[in-house]
Amino acid sequence: RAVSRRLACGDVEGRLETIFGRVRAIQAKSGRFDMLLCVGNFFGSSSETEWAEYRTGAKKAPIPTYVLGANNQDTLSYFPDVSGCELAENITYLGRRGVFSGCSGLHIAYLSGTEAQEQPAPAHSFSAKDVAELKTSLLSTPNFRGVDILLTSPWPRDVGTFANSAGEIDTKKCGSKLVSDLAASLKPRYHFAALEKTYYERLPYRNHTVLQETPQHVTRFIALADVGNTGKKKYLYAFSIVPMSSMDPAELVKQPQDVTENPYRRLRKEAAKAKAEEEPACQFFFDLNKHQGKKRPSDGKQGGDSQPKQAKKPPQPTGPCWFCLASPEVEKHLVVSIGTHCYLALAKGGLLPDHVLILPIGHYQSVVDLSSEVLEEVTKYKAALKEFFRSKGKRYVLFERNYRSQHLQLQVIPVPLDLCTSEDIKESFITQAQEQQIELLEIPEHSDITQVAQPGMPYFYVELDTGEKLFHRIRGRFPLQFGRAVLASAAVLALPERSDWRQCAAPRPEEAAQARAFRRDFQPFDFSLRD
């Protein structure tokens, strides 16, 4: 296999002697590199003197150098042919957009300029049409798996989501959404960008959705600083790469330990939703006994746990249970609604005064153990609570921890709509899970918890009011307060002092008053009073 040794650099800004001097020094010490890839501004406002020596052939670049086009009006004149051309010996302008494949077999996709803020797009900018055409040219290739390298000048918007800090750069505001879309589609193994005058090497991210897609290679995003910057920030990056086409598939898709979720997952979801509207939905079942989920289409003939559960008598608790409604241990002053199979009770030491639990009246350990009629009533309570909290200007978050607990408790916590979005809440769960080495995976849209967990399997489960669901199979120890701690964190409710329920228990008369208030407000939404 041919290993290519490449160099990538950030904004040269016309400092040709600085960058080529550095390249010569590296090659003298570490041996020859095959090419230099330049992102950002190759030319600056005062480039002419140094450039003239290279343009006339008085000086020659010490390495084949490939550059992106202008990012502003001032430097447009340096690029005589928009489709790409040789600017000087050993210095080539790649063009507005396209794919470069040298004799090494590497596929290098590139997009010149910055995102257009007006139409028609100026000559130094790219438009949504440019990105769409570049994507189409590649995605229509048979068996397309991704590109080896992507070169853009702007950063992709949101690249810092689920990742290590980008320092002073706010990745939710910086960069281009079109570049994010391009990176999400082209799945580069390396993505280089510049313009922000800083160095940032993001943790590698996945290009597949765990449980839903077969494993794919990861992407490494690297932003490079400006050449010769006074802060001595890294502007030149050396790397070795074997073309994707020459790699063993198993080696290509190896996932490093520090891999994160895809930062453009929201964008991917929107695209998938648009696609789903064109195609009939296909439901999948997953075998979580294997580390990697396997999918098989549902044809309505599958056996096992995919069938609706038949009515059955719940098992009896082995000892006193605080949540079986018939038990003397139940704190009945907290109960706010009683249905046929389930009831609602305010949480003792709740995160908020309207933190409520959905509980089965009989003794069931988890959602996957429920009979079909109990599950149906749980669903009705969820719908009623969603409507109730929306009337109060709130969205609910529901979670279940089937670990070191003997009676199912579905914790339902309302979050004010103006405090954060459902996407913010989901990001908080995933990010804080990653920090604690907890693999929190998204359950496919057409599946539910009963299809990914078997009875008796310990797990942690989150459900948002959008219907999105997250799942972690517990294999060892698990922080008991994890769900509550995420919601109490600064990113969501900002109530860290209430992350442990034992520190929040109120006197019994106060609890009873809160329950009466909740019962009164919930009455118009309580189906158990009408059934």
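What counts as what
- Residues numbered from 1 in each chain as written.
- Predicted model: local features only at pLDDT ≥ 70, side-chain atom pairs only at ≥ 80, totals over all residues.
- Heavy atoms only, no water.
- UniProt positions renumbered as here; feature names shortened; annotations may be inferred.
- Phe/Tyr/Trp six-rings, centres within 6.5 Å; stacked < 30°, edge-to-face > 60°.
- Helix = DSSP H or I, 4+ residues; strand = E, 2+ residues; numbered from the N terminus.
- Buried < 20%, exposed > 50% of the residue type's maximum accessible area, 1.4 Å probe, protein only.
- Lys NZ or Arg CZ within 6 Å of the ring centre and 35° of its normal.
- Core = buried A, V, L, I, M, F, W, Y, C linked by side-chain atoms within 4.5 Å.
- Contact = heavy atoms within 4.5 Å.
- Pairing = 2+ DSSP bridges.
- Axes fitted to C-alpha atoms, helices over the stretch in contact; angles between N-to-C directions.

- The protein carries the name CWF19-like protein 1 in an unreviewed UniProt entry, which gives Mionectes macconnelli as its organism.
- Looking at the Sequence similarities (unreviewed entry) heading of the UniProt record, one finds this comment for the protein: "Belongs to the CWF19 family."

Section: the packing of aromatic side chains
No. 1: Counted according to the given criterion, the structure contains 30 aromatic pairs.
No. 2: On the numbers, 4.7 Å between centres and 35 degrees between planes, the contact of Y190 with F239 is tilted. Of this pair, Y190 sits in strand β11 (residues 190-193) while F239 sits in strand β14 (residues 236-241); the two residues are 49 residues apart in sequence, bridging distant segments of the chain. Accessibility classification places Y190 together with F239 in one group, the buried group.
No. 3: On the numbers, 5.5 Å between centres and 75 degrees between planes, the contact of F460 with F482 is edge-to-face. Here F460 is found in strand β23 (residues 459-464), whereas its partner F482 is found in helix α10 (residues 482-488), with 22 residues between them in sequence.
No. 4: Overall, the relative accessible area of 2% leaves F482 in the buried class.
No. 5: What links up through ring pairs into an aromatic cluster is the set F42, F43, W51, Y78, F79 and Y93.
No. 6: Of note, R5 hangs over the ring of F33, and the distance from its end group to the ring centre comes to 4.1 Å.

Observations concerning unusual backbone geometry
Glycine aside, a negative phi is what most residues show, and trans is what most peptide bonds show.
No. 1: Here the residue pair Q119 and P120 is connected by a cis peptide bond, since its omega of -5 degrees sits within 30 degrees of zero.
No. 2: Notably, K197 is not glycine yet its phi reads approximately 55 degrees, a positive angle.
No. 3: Of the residues examined, K197 reaches a relative accessible area of 40% and is grouped as partly exposed.

Some words on the nonpolar core
One broad trend across soluble globular proteins is that nonpolar side chains are buried collectively.
No. 1: In terms of nonpolar packing, the biggest core is built from 36 residues, with V356, I358, L385, I449 and F518 touching the most fellow members.
No. 2: Sorting the residues of this core by element identifies β18 (342-346), β19 (356-360), α7 (372-391), β20 (394-402), β21 (410-416), α9 (449-452), β23 and α11 (508-522) as the ones contributing at least two each.
No. 3: The element that contributes the greatest number of residues to this core is α7, accounting for 7 residues.
No. 4: With residues near it in sequence (within four places) discarded, F518 still touches V336, L346, D354, V356, L385, F388 and F389.
No. 5: I26, Y54, A61 and L236 belong to the second largest nonpolar core, which has 30 residues in total.

So, the sheet that holds strand β6 (residues 97-101)
No. 1: Overall, mixed pairing links the 6 strands, which are arranged β6-β7-β10-β11-β13-β12 in an open sheet. The strands lining the two open edges of the sheet, one partner per strand, are β6 and β12 (200-201).
No. 2: Relative to strand β10 (residues 149-152), strand β7 (residues 107-111) runs parallel, the two sharing 4 bridges. Bridge pairing in β10 links A109 to L150.
No. 3: Strand contacts of helix α4 (residues 177-186): β7, β10 and β11, with the helix running at about 170 degrees to β10, the strand carrying the most contacts.

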